[in-house]
Each structure stands twice: as structure tokens, then as C-alpha cells.
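What follows is each chain in one-letter form.
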Amino acid sequence: MNRNTYQLEILRVCSDRYINYSYLIVDRKSRQAAVVDPAWQLEAIEAALERYEAKLSTILLTHSHKDHVHLVPPLCQRYAPHVFMMQKELDYYHFSAPSLHGLKDGEELKVGHTSITGLLTPGHTAGGGCYWLEGSLFTGDTIFTEGCGMCSSEGSDPVEMYYSVKRLQQLMPPDTRVYPGHSFGERPGQSMSRLHEMNAYFQIASLEHFVSFRMRKGQTSLMSFH
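Below, the structure is looked at part by part. (Residues numbered from 1 in each chain as written. Predicted model: local features only at pLDDT ≥ 70, side-chain atom pairs only at ≥ 80, totals over all residues. Heavy atoms only, no water.)

Side note on the pattern of salt bridges
Applying the stated criterion across every chain, the model contains 5 salt bridges. Among the salt bridges present, the one from R51 reaches E9, with a minimum N-O distance of 2.3 Å. Of this pair, R51 sits in helix α1 (residues 42-51) while E9 sits in strand β1 (residues 6-15), placing them 42 residues apart in sequence. We classify R51 as exposed; its relative accessible area is 51%. Among the residues examined, E9 registers a relative accessible area of 16% and is labelled buried. Between E186 and R194 there is a salt bridge, with the nearest N and O atoms lying 3.1 Å from each other. (Salt bridge = Lys/Arg side-chain N within 4 Å of Asp/Glu carboxyl O. Helix = DSSP H or I, 4+ residues; strand = E, 2+ residues; numbered from the N terminus. Buried < 20%, exposed > 50% of the residue type's maximum accessible area, 1.4 Å probe, protein only.)

Considerations on the packing of helix α5 (residues 158-171) against helix α8 (residues 207-214)
Between α5 and α8, the least distance of the axes is 9 Å, while the angle of their chain directions is 120°. Regarding α5 and α8, the two cross each other, and that crossing is right-handed. Mapping the contact onto sequence places P158, V159, M161, Y162, Y163 and V165 in α5 and L207, F210, V211 and R214 in α8. Each residue belonging to the contact of α5 with α8 can be placed in one class, and the counts come to 9 nonpolar, no polar and 1 charged. (Axes fitted to C-alpha atoms, helices over the stretch in contact; angles between N-to-C directions. Left-handed = near helix turned anticlockwise from the far one by under 90°. Contact = heavy atoms within 4.5 Å. Nonpolar A, V, L, I, M, F, W, Y, C, P; charged D, E, K, R; others polar.)

Some details on the sheet that holds strand β9 (residues 129-133)
Read across the sheet, 6 strands follow the order β7-β8-β9-β10-β11-β12 without closing on themselves; strand pairing throughout is mixed. The outermost strands of the open sheet, each flanked by one partner alone, are β7 (108-111) and β12 (190-191). Here α5 sits on the sheet and contacts β8 (114-120), β9 and β10 (136-140); the angle it forms with β8, its principal contact strand, is near 145°. (Pairing = 2+ DSSP bridges.)

Some details on the side chain of T125
For T125, the position within the fold is in the loop between β8 and β9. From its side chain, T125 meets the backbone nitrogen of G128 in a polar contact 3.2 Å long. Apart from the residues within four sequence positions on either side, T125 is in contact with H63, H65, E89, Y93, G155 and S156. (Polar contact = N/O pair within 3.5 Å; in protein donor to acceptor, adjacent residues only side chain to side chain.)

Section: the sheet that holds strand β3 (residues 32-36)
Strand order in the open sheet formed by 6 strands is β1-β2-β3-β4-β5-β6, with mixed pairing between adjacent strands. The open sheet has two edge strands with one neighbour each: β1 and β6 (100-103). The sheet shows a mean angle of 25° between the axes of neighbouring strands, taken without regard to direction. Against the sheet, helix α3 (residues 72-79) contacts β3, β4 (55-60) and β5 (82-86), and its axis sits at roughly 145° relative to β4.

Below is the structure:
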């Protein structure tokens, strides 16, 4: 997949019941690379770096759950990248890693010549975030193509999730491609306009309705990742 300043590869990685999506962003000019939410299969990330002849300079973490940070230690040991997470997430869960940087909402970082903006989108966790760059949005477990993240673990909040979802709905151009941490049927990289059509949480206008629907009882197939 190509953008003006970067190339993008989708990495489907697995461990037992978990299927996650990590993403490799490679700056075209410098060949510096960032990996988003590295988990489970180290060899998949290393093979992608080799294919692109890229150097891993950056790790972008959307939140601190294990299935999104699992490979941070070995990647830090091998490549010594800078690691980024929203400061609010760091303050709440006390995640640690070498060369770790906390981001404020709207703060920009660079991977080579590619600009990336961190967006604070709490709800699934206390300080979860998304990463926005030209044409692409990496959402972790904030929004999926088919829904939004669970709000039942420590630090999560369905009210915060409502405001995060609505913010992304309003902020993102319709042709933005959305790359979540999991898929429940649809391949990552669907347009924001497609999510407006098919994501049930995008259709809910009121806070009360959103919270009651997100926290409803009897939800099944929460681990039916694709």
C-alpha cells in the first residue's frame, strides 16, 4: 500500500485464540520504519523490515494491553527504537520500556520525513490513543471496522468511548483508511466512509443509548477474531 511519504504493510499475527494486526510504516526516503502494536510473531516483523530494507526506529503503541505490546522488549533489545504511547496511558498503568516517550493529545512525531499525530482516545483503556498520518488511522482497540473496544476492564469507561468514537467520526476525512488492532470479519484498511455505513456505534447519536448498547449483557463471540 502506498502513500506520498510512506509505505504500509498489514501484519496478521496470531497466538492461541488471539489474532492481532500489527502494521509496518516505512518512510520512503529515509527507510526508517515504525511498527504499530507489535505482538506475537517477531519473525513476521523482522521479515517485513528485511523486505523493505528498512531500519526500525519507532514503536507506536495504542494502549498497554499485553496483546498490543508483547514484542516491545525483544524489539527494543535488537533495534533500540524510540517507543511512544499516550502519556495518560503511561500515568495510569505505569507501562515501561527503554526509550519510552509519553505523547500529549495532538502531539506530532516524525519517522523520517513522515509526520504522525497522536490522538488521545480513551474508553477501552484510561489513556488509549490512535495514530493519524496522511490517509491512514491506526486505532488499536478504540474502533474496529465492525464496532468499538470493550469497556469492562480496569480504567475503561464507556462514556469516554462515546466521546472518542464521535471525535474520530467528525475529525477523519471520509477517505481515511482505518487500521484497527483486530478484525471481526472485515479486512483492515476500510475507509472511514465505510465505517459510517456499517459500524453500529457510528449510528448511535445519544450518550445514554451508546453506553447501554456497549455495556449490554449477553454479548457473545468477543474472541472471534479474523
